[in-house]
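Residue-level structure breakdown
These are the residues of each chain, in order.
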Amino acid sequence: SASPGSPSSSPPHLTPAPRPPPSFKRMTGFCKTRIPPAMAKRVAELSGDDKKAEFAEYGIDYLTDLCKQLVASKLVPGLHFYALNQSERTFQILKRLGYYAPTD
């Protein structure tokens, strides 16, 4: 049997962890990550208190599409969400993906 980390051992599972908005800019700075230029432009266009709802909707749409692509690729075993006090947005994404149906 191969030891962990050896070339013949099974690769580790990679589970993407999407993060719903809104503290997007702060989080990318903290994590020292970059965002695609088109996304950065859209996020800048949606800055301001008067656009909070539109910004949230953009993030939910973007993450829903990203999750669909990841699942369809069959390259990942599942999705793990970091809700960080944004559970309602996480539930919205799960609903759009068809993974969440509230019970009465």
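Cut-off values and rules
- Residues numbered from 1 in each chain as written.
- Predicted model: local features only at pLDDT ≥ 70, side-chain atom pairs only at ≥ 80, totals over all residues.
- Heavy atoms only, no water.
- Helix = DSSP H or I, 4+ residues; strand = E, 2+ residues; numbered from the N terminus.
- Buried < 20%, exposed > 50% of the residue type's maximum accessible area, 1.4 Å probe, protein only.
- Contact = heavy atoms within 4.5 Å.
- Areas by Shrake-Rupley, 256 points an atom, 1.4 Å probe, with all protein chains shown as cover.
- pLDDT = per-residue confidence, 0-100.
- Salt bridge = Lys/Arg side-chain N within 4 Å of Asp/Glu carboxyl O.
- Axes fitted to C-alpha atoms, helices over the stretch in contact; angles between N-to-C directions.
- Parallel < 35°, antiparallel > 145°, perpendicular 65-115°, else oblique.
- Left-handed = near helix turned anticlockwise from the far one by under 90°.
- Nonpolar A, V, L, I, M, F, W, Y, C, P; charged D, E, K, R; others polar.

Observations concerning the overall build of the protein
Secondary structure summary: the protein contains 4 helices and 0 strands in total. Shown N-terminal to C-terminal, the secondary structure of the protein runs as helices and strands in the order α-α-α-α. In the protein, which comprises 104 residues, the proportion classed as buried is 24%. Taking the contacts inside the protein whose residues are at least 6 apart along the sequence as the reference set, 63% of them involve residues at least 24 apart. Total accessible area on the protein is roughly 7,800 Å²; 57% of this is exposed by carbon and sulfur atoms.

Digging into the confidence of the model for the protein
In this model, the protein carries an average pLDDT of 77, and 75% of its residues clear a pLDDT of 70 or more. Within the protein, the element-level pLDDT minimum falls on helix α1 (residues 24-31), averaging 71, and the maximum on helix α3 (residues 52-73), averaging 92. Counted against residues more than four places away or in other chains, residues 1-14, with its pLDDT under 50, gives 7 contacts.

With respect to the pattern of salt bridges
Enumeration over the complete set of coordinates arrives at 5 salt bridges. Between R42 and E45 there is a salt bridge; the shortest N-O distance is 3.0 Å. Residue R42 and its partner E45 are both found in helix α2 (residues 37-45); the two are separated by 3 residues, about one turn of the helix. In this structure E45 comes out as partly exposed when scored by relative accessible area, which is 35%. Across the pair D49 and K52 runs a salt bridge whose closest N-O atoms are separated by 3.7 Å. Note on D49: relative accessible area 65%, which makes it exposed. What you see here is one network of salt bridges that share partners, running through R42, E45 and E54.

Considering the packing of α3 against helix α4 (residues 87-97)
Here α3 crosses α4 at 45°, and the two axes come no closer than 9 Å. Compared by their axis directions, α3 and α4 come out oblique. Here α3 runs over α4; the crossing is right-handed. In this structure, α3 contributes A56, E57, I60, D61, L63, T64, C67 and K68 to the contact, and α4 contributes R89, Q92, I93, R96 and L97. Of the residues contributing to the contact of α3 with α4, the split by class is 6 nonpolar, 2 polar and 5 charged.

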